[in-house]
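A closer look at the structure
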Amino acid sequence: MKLLNPGHLIDGFEVEACLHAGGMAHIYEVTYADARPVPFPMVMKVPRMTTGDGAENIIGFEVEHQILQVLQGRHVPRFVAAGDLSSIPYLVMEHVQGKTLQQVIDQFTESHTRTSFTDIAKIGAAIARAAHSLHQQNTCHLDLKPANVLMHPEGHAVLLDFGLSCHAHFPDLLA
């Protein structure tokens, strides 16, 4: 699928800027097209579906669609809506503010300053609390890496990208 342009309308959502164009999906800022109040900033994730892409993009999209709908709490983005595979698949979710753990690591590296053990322990504890929250909701992330951990400005971790995750009460589509 080609990149969507700002102003493109999909199922009542208006596409704004493309925030990320990755190998598996594109992420866009979106708002409601009818100008209704937006309770929080939103993003739309559209899986990449071009010639040569494997089925894993669509399967990962379906897994994330299933799981994101049932997860709750401050350690995951809030689910808003999803598009159908027969027209255009997408997931609309909360756009959580913060930096990815990868961005945090890169800043530490680029600044050449030592990170305190206390700061490292706080980050580790925040990630552990986020993973524990998922486990309490019968979900295992299975793809925890710096790019999939968002450090919220308030100090807690938010986990992203549930395409490889599994839920104890859902079929394992990736198997």
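Keep in mind it's a predicted model, so treat the numbers as computed, not measured.

1. Describing the overall build of the protein chain
Helices and strands together make up the secondary structure of the protein chain, namely three helices and eleven strands. A globule of 175 residues ought to have a C-alpha radius of gyration of about 16 Å, and the protein chain, at 17 Å, matches this closely. Considered along the principal axes of its C-alpha atoms, the protein chain spans approximately 50 × 35 × 35 Å. Taken over 175 residues, the protein chain has a buried fraction of 38%. Across the protein chain, every contact between residues at least 6 apart in sequence was considered, and the portion connecting residues at least 24 apart equals 56%.

2. Things to note about the nonpolar core
Ranked by size, the top nonpolar core spans 22 residues in total, and within it Val 149, Met 151, Ala 157 and Phe 162 carry the most contacts. At five residues, helix α3 (residues 117–136) tops the list of elements feeding residues into this core. Residue contacts for Met 151: discarding those within four places in its chain leaves Gln 97, Gly 98, Lys 99, Leu 101, Val 104, Ile 123, Ala 126, His 156 and Ala 157. Phe 40, Met 44, Ile 88 and Val 92 belong to the second largest nonpolar core, which has 15 residues in total.

3. Some words on the sheet that holds strand β6 (residues 91–94)
In spatial order, the strands read β1-β2-β3-β4-β6-β5; together these six strands make up an open sheet with antiparallel pairing. Each of the sheet's edge strands pairs with one partner strand only, and the pair in question is β1 (9–10) and β5 (79–82). The sheet contact formed by β1 and strand β2 (residues 13–21) spans two bridges and is antiparallel. Bridge pairing in β2 places Ile 10 opposite Phe 13. Contacts from helix α1 (residues 56–70) reach β4 (42–47), β5 and β6 within the one sheet, and its direction differs from that of β6 by about 45°.

4. Some remarks on the environment of Glu 94
With respect to the helices and strands, Glu 94 occurs in strand β6. C-alpha separation for the pair Glu 94 and Pro 39, spaced 55 residues apart in sequence, amounts to 9.3 Å. What Glu 94 contacts, discounting residues up to four positions off in sequence, is Phe 40, Pro 41, Met 42, Val 43, Val 76, Pro 77, Arg 78 and Val 80.

5. Section: the packing of aromatic side chains
The description of two aromatic rings rests on the distance between their centres and on the angle between their planes. Using the criterion set out here, one finds two aromatic pairs in the structure. Ring geometry for Phe 13 and Tyr 90: centres 6.2 Å apart, planes at 70°, overall edge-to-face. Of this pair, Phe 13 sits in strand β2 while Tyr 90 sits in the loop between β5 and β6, and the two are 77 residues apart along the sequence. Take Tyr 90: its relative accessible area is 2%, and that puts it in the buried class. Through successive ring pairs, a cluster of aromatic residues spans Phe 13, Tyr 32 and Tyr 90. Sitting over the ring of Tyr 32, Arg 36 keeps its end group 3.9 Å from the ring centre.

6. A short note on the environment of His 26
You can see His 26 is positioned in strand β3 (residues 25–32). Residue class for His 26 comes out buried when judged on its relative accessible area of 8%.

7. As for the sheet that holds strand β9 (residues 149–151)
Taken together, the three strands give an open sheet; going across it, the order is β7-β9-β10, and neighbouring strands pair in antiparallel fashion. Strands at the two margins of the open sheet, each flanked by one partner only, are β7 (99–100) and β10 (157–159). Across three bridges, β9 lies against β10 in antiparallel orientation. Counted as the bridge partner of Met 151 is Ala 157 from β10. Lying on the sheet, α3 is in contact with β9 and β10; it crosses β10 at an angle near 45°.

What counts and how
- Residues numbered from 1 in each chain as written.
- Predicted model: local features only at pLDDT ≥ 70, side-chain atom pairs only at ≥ 80, totals over all residues.
- Heavy atoms only, no water.
- Helix = DSSP H or I, 4+ residues; strand = E, 2+ residues; numbered from the N terminus.
- Rg over C-alpha atoms; globule rule 2.2 N^0.38 Å.
- Buried < 20%, exposed > 50% of the residue type's maximum accessible area, 1.4 Å probe, protein only.
- Contact = heavy atoms within 4.5 Å.
- Core = buried A, V, L, I, M, F, W, Y, C linked by side-chain atoms within 4.5 Å.
- Pairing = 2+ DSSP bridges.
- Axes fitted to C-alpha atoms, helices over the stretch in contact; angles between N-to-C directions.
- Phe/Tyr/Trp six-rings, centres within 6.5 Å; stacked < 30°, edge-to-face > 60°.
- Lys NZ or Arg CZ within 6 Å of the ring centre and 35° of its normal.

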